[in-house]
Amino acid sequence: MINLNYIDDYYQKYKNLCETGLYSKYFAYKNIDTLYYSILDENDKTGSYWNDSNKKQYQSKLIECLTSFIEIDKLEEYCQFGCYADIFIKEYLNKNIKNQLIIDNKLYLELLSLYNEANLKTTPVKYGYEYIINDLSGLFILKLVSQKGKDQIKKITNSFINDVLECEVCNKKYKAIKFPKWLFYRVNGNIGVCYSCSQPIFSREQVLDSIRNIIQIVGFIPNSGFQNFPDNSFSIRVNNDNWISVYKEILNLSPNFSGIDYIKNEFGSWFQALVYAGVLDKGQIITKRGIKCLSKSGNICNSISEQYIDNLFFENNFKYQKEPHYPIDIEFNPKGLMRADWKIGNVYVEYFGLKGEINYDIKMAKKMRLCKKMNIELIAIFPDDLKNMSKILNNIKSISF
Ligand SMILES: [Zn+2]
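Fair warning: this is a prediction, and the values are worked out from it, not measured in the lab.

## Comments concerning the environment of I201
Thinking step 1. You can see I201 is positioned in the loop between α10 (181-186) and α11 (204-218).
Thinking step 2. Overall, I201 belongs to the exposed group, with 11 C-beta atoms counted inside 10 Å.
Thinking step 3. For the pair formed by I201 and N252, sequence separation is 51 residues and the distance between their alpha carbons is 7.1 Å.

So this is what it looks like as structure tokens:
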């Protein structure tokens, strides 16, 4: 059970600090709760962080990046999440701009040097992706709340603060404002249930039943760990109308949201639970390095997500190659051993499923830089993209044929 009581105290404390003006502009800006602050404080003190003259150049370069690299409309959509919009915005920017910065090292170094100047760093920061993304999201949120998004965010936030909701599963009363940001993000803004419903202990057979039901409702096989809502790559793929029935089944998987351990103890692994539930297609095998499965084309894939993508390529009649080598390059691929996941025409396609893990990120950056240097078209697919692949498929069609 997730204890949400502390959120009340935290929120009250935060509100008091804002009202008494004890929050310094710097701290308020740095705090993840920029939005709470901006909404509660009509004077918008967060804005003054950017009014220092030494920040002007840095700021205008950041705005340039924002307008050239992202879909502003997409970010404005996040206003529907009220005061929780910032975490969605930050994750979106992290995903979209960080890649651009990794590819375009010149731009990254320029931003980093402006960052160091703007913050009067006597010892310049050398590895600053996180700082830059933080500043970008802060700046974007600031623009949003000072312009058209403000009223909507305010209205929704007020309903989060004031409306007493009743959990559709356990009938407990709660307010949406009590959800911690991480939880709100991971459940993709679904606030119809309290997320602290008590969880019954079910028999093995009932657990397997629930696994089958979940897969039937959502229409795909979730990766292990989805039971704890570890990120929103699962929830973003679930249709909002189905959320509550999926949630009810997830509750059945284990007591206390300790889904992974329970399934591990009971079945050995998530994969084995899937085998016992009889939901896997033929041809899937377990290896020391994880799941291997056959896609419809007969290609061996290293994960269920990879299999899903491969099947889409197959169904769309793409002529493609699995695990092609990248061209040799003295700097990035001296022995020519580096491989992509797919090659369609002249386009290389990668599924970057483990993003965020440092060694993986370095490997990913290397591939991106190699492609940039050699003018190779690279299409990178991330877990979030799996929800709606039509854009990526169209993109591949338009450049590879
Ligand atoms: Zn409940």
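Past the structure itself, the notes keep going.
## Considering unusual backbone geometry
Thinking step 1. Positive phi values are uncommon outside glycine, yet N171 reaches one of about 65°.
Thinking step 2. For N375, which is not glycine, the phi torsion reads 60° and is therefore positive.
Thinking step 3. Along the chain, the position of N375 falls in the loop between α16 (358-373) and β9 (378-381).
Thinking step 4. N375 sits in the exposed class, given 6 other C-beta atoms within 10 Å.

## Examining the packing of α11 against helix α14 (residues 270-277)
Thinking step 1. Between α11 and α14, the least distance of the axes is 9 Å, while the angle of their chain directions is 90°. When the axes of α11 and α14 are compared, the pair comes out roughly perpendicular. The residues of α14 that touch α11, namely those facing L208, I211 and R212, are A273, L274, Y276 and A277.
Thinking step 2. A breakdown of the residues in the contact of α11 with α14 according to their chemical character gives six nonpolar, no polar and one charged.

## Considering the pairing of β9
Thinking step 1. Of the two faces of β9, only the one carrying I379 and I381 is buried; L378 and A380 on the other face are not.
Thinking step 2. Alignment of strand β8 (residues 347-351) against β9, held across four bridges, turns out to be parallel. The residue bridging V349 from the neighbouring strand is I379, located in β9.

## What to know about the sheet that holds β9
Thinking step 1. Ordered in space as β6-β7-β8-β9, the four strands form an open sheet in which the pairing is mixed. If you trace the sheet from one side to the other, it starts and ends with β6 (320-322) and β9, each paired once. Each strand of the sheet is rotated relative to its neighbour by a mean of 20°, with strand direction disregarded.
Thinking step 2. Where β6 and strand β7 (residues 342-344) come together, three bridges link them in antiparallel fashion. Bridged to Y320 within β7 is I344.
Thinking step 3. Against the sheet, helix α15 (residues 304-315) touches β6, β7, β8 and β9, its axis set at about 145° to β8.

## Side note on the packing of helix α4 (residues 56-69) against helix α7 (residues 105-118)
In a packed pair of helices, the relevant descriptors are the angle between the two axes and the axis-to-axis distance.
Thinking step 1. The interhelical angle for the contact between α4 and α7, taken along N-to-C directions, is 145°, at an axis separation of 8 Å. The crossing of α4 and α7 is left-handed. Only E110, L111, L114, Y115 and A118 of α7 make contact with α4, whose side of the interface consists of Q57, Y58 and K61.
Thinking step 2. Of the residues belonging to the contact of α4 with α7, the class tally is five nonpolar, one polar and two charged.

## Topic: the confidence of the model for the chain
Thinking step 1. Of the residues in the chain, 80% have a pLDDT of 70 or more, and the chain-wide mean is 79.
Thinking step 2. The weakest mean pLDDT in the chain belongs to helix α2 (residues 25-30) at 35; the strongest belongs to strand β1 (residues 165-166) at 96.
Thinking step 3. Counted against residues more than four places away or in other chains, residues 1-7, with its pLDDT under 50, gives twelve contacts.
Thinking step 4. Here residues 18-32 is modelled with pLDDT under 50, and outside its nearest four sequence neighbours on either side it reaches 22 contacts, counting other chains as well.

## Examining the nonpolar core
Thinking step 1. With 61 residues, the main nonpolar core has Y78, A85, F88, I89, L136, F140 and V246 as its most contacted residues.
Thinking step 2. Residues lining this core come from more than one domain, with at least three contributed by each of domain 1 (31-162) and domain 2 (168-279).
Thinking step 3. Once residues within four sequence positions are removed from consideration, Y78 is found in contact with A85, F88 and I89.
Thinking step 4. Membership of the second largest hydrophobic core comes to 17 residues, among which are I344, C371, I381 and I396.

## Observations concerning helix α6 (residues 85-103)
Thinking step 1. Compared with the 27 Å implied by 1.5 Å per residue over 19 residues, the 27 Å span of α6 between its first and last C-alpha is a close match.
Thinking step 2. At N94, α6 shows its maximal bend, which comes to roughly 30°.
Thinking step 3. Burial in α6 covers these residues: A85, D86, I87, F88, I89, K90, L93, I97 and L101.

Here is what the cut-offs are and how they apply
Residues numbered from 1 in each chain as written. Predicted model: local features only at pLDDT ≥ 70, side-chain atom pairs only at ≥ 80, totals over all residues. Helix = DSSP H or I, 4+ residues; strand = E, 2+ residues; numbered from the N terminus. Buried ≥ 20, exposed ≤ 12 C-beta atoms within 10 Å, placed from the backbone. Axes fitted to C-alpha atoms, helices over the stretch in contact; angles between N-to-C directions. Parallel < 35°, antiparallel > 145°, perpendicular 65-115°, else oblique. Contact = placed C-beta atoms within 7 Å. Nonpolar A, V, L, I, M, F, W, Y, C, P; charged D, E, K, R; others polar. Pairing = 2+ DSSP bridges. Left-handed = near helix turned anticlockwise from the far one by under 90°. pLDDT = per-residue confidence, 0-100. Core = buried A, V, L, I, M, F, W, Y, C linked by C-beta atoms within 7 Å. Domains from an automatic or database assignment. Expected span 1.5 Å × (residues − 1). Bend = angle between axes of the 7 residues up to and from the residue.

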